[in-house]
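Letter by letter, the chains look like this.
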Amino acid sequence: MNKNKIIFAILWILLLIWIIFIATKLNDNSKNNAKKSDWVFNIWMIWDDTETAKKVVDHFKQIHPEYSSQDITVESFWSYDDYYYSLSSAIIQWKAPDLFVLNNNEKNPIFSNQVIWIDPNTINPNDFRKKYKLLFSDDLIITSWEWEQSQEYLTWLPVWYETLWIFFNRRYIKEADLSSISSLNNVISNIKQSNSNIIPIGIWNGSTVHDSSDIMTQFFMLETDVSGLKDIDSNKMKQSLSAYLQYWDEQWDNWYNSKYADLSSNWKNNVDLFSEGDVYMVVWYPSLIKQIKDKWYSKNFLLATAFPHYFSGQGKTLVNYNYFVINKDSSKQSLANSFLEYLSSDIWAWEYLKNFPYYLPALLSLESDKLKEKIDEWYNIILDDFYDDSYEMSSFDKWVKSIYDKNIIPILDNPVNYEKAFEKFKESIMCKSKKIETLEDLSESCDK
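Attention in this report is confined to the structure presented alongside it. Note that the structure is predicted; figures quoted are calculated from it, not measured. (Residues numbered from 1 in each chain as written. Predicted model: local features only at pLDDT ≥ 70, side-chain atom pairs only at ≥ 80, totals over all residues. Heavy atoms only, no water.)

**Comments concerning the packing of helix H2 (residues 50–63) against helix H13 (residues 346–355)**
Item 1. One way to put it is that H2 packs onto H13 with a least axis distance of 9 Å and a crossing angle of 155°. By the angle between their directions, the pair H2 and H13 is classed as roughly antiparallel. Taken as a pair, H2 and H13 cross one another with a handedness that is right-handed. Contact residues: Thr-52, Lys-55, Val-56, His-59 and Ile-63 in H2; Trp-348, Glu-351, Tyr-352 and Asn-355 in H13.
Item 2. Class assignment for the residues of the contact of H2 with H13 results in four nonpolar, three polar and two charged. (Axes fitted to C-alpha atoms, helices over the stretch in contact; angles between N-to-C directions. Helix = DSSP H or I, 4+ residues; strand = E, 2+ residues; numbered from the N terminus. Parallel < 35°, antiparallel > 145°, perpendicular 65-115°, else oblique. Left-handed = near helix turned anticlockwise from the far one by under 90°. Contact = heavy atoms within 4.5 Å. Nonpolar A, V, L, I, M, F, W, Y, C, P; charged D, E, K, R; others polar.)

In structure tokens, the structure reads:
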């Protein structure tokens with residue numbers, strides 16, 4: 001071998017060593033970033049007050065003194081969109097929280113590949129079935145095949161759930177029969193006759209009704225055999241949307257939409273009208289009590305009841321809940337499992353719900369006592385006022401929750417073209433969901 005070839009070979013060897021060195025350093029950095037630092041454990045939530053959630057963490061430390069010196073931080077987002085984008089960014093930057101939450105109304109959550117299933121030795125799926133309401137077992141237990149043997153896992157852990165209610169003002173009608181949609185319509189007509197200046201119910205256009213997407217979803221679920229967007233064919237879509245949009249008619253007894261322009265220009269919604277006494281009824285989850293209270297609604301006039309069906313036995317009641325998941329990249333999975341085990345026990349789940357009294361308990365053992373509790377110390381309303389166990393409860397698969405919740409609202413603001421708008425909406429979200437889940441047809445436009 002001549003001198004030039006020897007020098008060339010040495011240079012290639014040195015270059016190869018340099019490449020291996022750089023690759024090793026990058027890999028080490030990735031691992032270091034992927035694992036959480038030893039002194040911080042992060043929990044991300046949605047919709048719940050951060051300071052209140054910290055009380056739960058403090059209580060957890062009291063009964064787990066081995067974690068008493070652990071720095072556990074809690075962040076709570078008030079917007080699902082903010083949460084979605086922040087979590088996406090955190091995962092990309094290897095800064096995802098150790099524990100975070102996902103929503104039940106996405107069957108295949110976008111972030112499911114970032115989480116690890118719960119060890120059966122921590123929470124056994126068979127024990128979970130016995131302790132929790134049926135809908136949670138259907139949603140959260142999966143079967144995995146390993147070495148030709150099946151193994152059940154609890155994927156994620158719920159603590160609470162909520163269903164839609166009707167808040168109403170007893171000043172105008174002391175005893176309102178709201179046991180069915182027909183009864184609701186009768187109450188609307190009666191209010192129109194006795195109090196012509198009062199709007200009976202604060203629905204249904206989309207943009208001025210507080211989170212109207214789930215109210216519309218409940219109307220979909222009043223139809224038979226609907227538990228997701230894929231179940232809504234043309235007939236069910238027409239029946240559900242026409243039933244919803246009848247409350248929007250300015251000429252009908254409800255005439256809510258006569259306030260649309262004023263509400264939009266003043267950045268107000270139906271909860272503002274309800275609190276000011278201009279609307280008799282509003283629909284939302286129990287957590288709406290926070291907004292109602294902030295607007296100084298009278299404690300003597302506020303009552304509530306479960307959202308009605310057409311008749312008992314038909315349709316399902318929409319259930320909403322967030323469940324805790326463990327980040328697969330967390331270096332503190334033992335602490336994460338301990339925290340979930342803490343939340344799955346009766347006494348500590350009660351502690352959690354004591355801090356958030358407007359939620360229904362996921363644990364069956366807490367139901368009878370919890371239903372007697374007030375949803376807020378100021379109002380004479382208990383959870384049992386809204387609970388109707390004759391209705392079947394179910395999640396609703398929105399495919400992509402953030403897209404569904406945002407893009408269904410313009411349909412409700414456009415009653416003339418709602419059929420065509422809904423079909424376009426469904427095709428678009430189906431297309432986007434497929435891209436996210438399979439990474440196929442990425443160049444195809446979903447909004448043709």
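**What to know about the layout of surface pockets**
Item 1. If you add up the space inside the largest pocket, you get close to 1,100 Å³.
Item 2. Forming the walls of the largest pocket are 49 residues, and the residues nearest its centre are Asn-104, Glu-106, Lys-107, Asp-139 and Ser-395.
Item 3. Among the secondary structure elements, those contributing two or more residues to the lining of the largest pocket are helix H5 (134–140), strand S16 (393–394) and helix H17 (418–438).
Item 4. With five residues, H5 is the single largest residue contributor to the lining of the largest pocket.
Item 5. Residue composition of the lining of the largest pocket, grouped by class: 22 nonpolar, 14 polar and 13 charged.
Item 6. Roughly 880 Å³ of internal volume is contained in the second largest pocket.
Item 7. Lining the second largest pocket we find 31 residues, and of these Trp-47, Trp-78, His-210, Asp-211 and Trp-284 sit closest to its centre.
Item 8. Mapped by element, the contributors of at least two residues to the lining of the second largest pocket are helix H3 (80–92), helix H7 (212–221), helix H11 (289–294) and helix H15 (401–407).
Item 9. Considering every element that reaches the lining of the second largest pocket, the biggest residue donor is H15, with four residues.
Item 10. When grouped by side-chain class, the residues that make up the lining of the second largest pocket number 10 nonpolar, 11 polar and 10 charged. (1 Å grid on protein atoms, 1.4 Å probe; cavity = no way out; pocket = protein on both sides within 12 Å on 5 of 7 lines; lining within 4 Å. Points joined across faces, edges and corners; volume = space filled by probe spheres on them.)

**Here's the deal with H7**
Residues spaced three or four apart along an α-helix face the same direction, because each turn holds 3.6 residues.
Item 1. Counting buried residues in H7 gives 10 out of 10 residues, a clear majority hidden from the surface.
Item 2. Taken together, the buried positions of H7 are Ser-212, Ser-213, Asp-214, Ile-215, Met-216, Thr-217, Gln-218, Phe-219, Phe-220 and Met-221. (Buried < 20%, exposed > 50% of the residue type's maximum accessible area, 1.4 Å probe, protein only.)

**Considering the sheet that holds strand S9 (residues 165–169)**
Item 1. The four strands lie next to each other as S10-S11-S9-S12, forming an open sheet whose pairing is mixed. Bordering the open sheet on either side are strand S10 (199–201) and strand S12 (302–306), each of which pairs with just one other strand. For this sheet, the mean angle separating the axes of adjacent strands, direction not counted, is 25°.
Item 2. Direction of pairing for S10 relative to strand S11 (residues 279–284): parallel, over a ladder of two bridges. Looking at the pairing, Ile-201 lines up with Met-281 of S11.
Item 3. The sheet contacts of helix H6 (residues 181–194) involve S9, S10 and S11, and relative to S11 the element is tilted by about 155°. (Pairing = 2+ DSSP bridges.)

**As for the pattern of salt bridges**
Item 1. Under the definition given, this model contains 15 salt bridges.
Item 2. The salt bridge involving Glu-276 is made with Lys-268; its shortest N-O contact spans 3.2 Å.
Item 3. Accessibility expressed as a relative area gives 46% for Glu-276, which makes it partly exposed.
Item 4. With its nearest N and O atoms 2.8 Å apart, the salt bridge here joins Lys-295 to Asp-272. (Salt bridge = Lys/Arg side-chain N within 4 Å of Asp/Glu carboxyl O.)

**Side note on unusual backbone geometry**
Item 1. With a phi angle near 60°, Trp-94 is a residue other than glycine that sits in the positive phi range.
Item 2. Within the secondary structure layout, Trp-94 lies in the loop between H3 and strand S3 (99–103).
Item 3. In this structure Trp-94 comes out as partly exposed when scored by relative accessible area, which is 38%.
Item 4. A positive phi angle is found at Trp-296, which is not glycine, with a value near 60°.
Item 5. With respect to the secondary-structure elements, Trp-296 resides in the loop between H11 and S12.
Item 6. Trp-296 sits in the exposed class, given a relative accessible area of 78%.

**What about the packing of aromatic side chains?**
Item 1. With the rule as written, the count across this model stands at 39 aromatic pairs.
Item 2. When the centroid spacing of 5.7 Å and the interplanar angle of 85° are considered together, the rings of Phe-219 and Tyr-244 count as edge-to-face. In this pair, Phe-219 sits in helix H7 while Tyr-244 sits in helix H8 (residues 234–245), placing the two residues 25 residues apart along the sequence.
Item 3. When its relative accessible area of 0% is taken as the criterion, Phe-219 is described as buried.
Item 4. Among the aromatic residues, ring-to-ring pairing joins Phe-60, Tyr-67, Trp-160, Phe-324, Phe-339, Tyr-342, Trp-348, Tyr-352, Phe-356, Tyr-358 and Tyr-359 into one connected group.
Item 5. The ring of Trp-378 has Lys-299 sitting right over it, with the charged end atom 4.5 Å from the ring centre.
Item 6. For the cation-ring pair, Lys-401 lies above Tyr-80, with the distance from its terminal atom to the ring centre recorded as 5.1 Å. (Phe/Tyr/Trp six-rings, centres within 6.5 Å; stacked < 30°, edge-to-face > 60°. Lys NZ or Arg CZ within 6 Å of the ring centre and 35° of its normal.)

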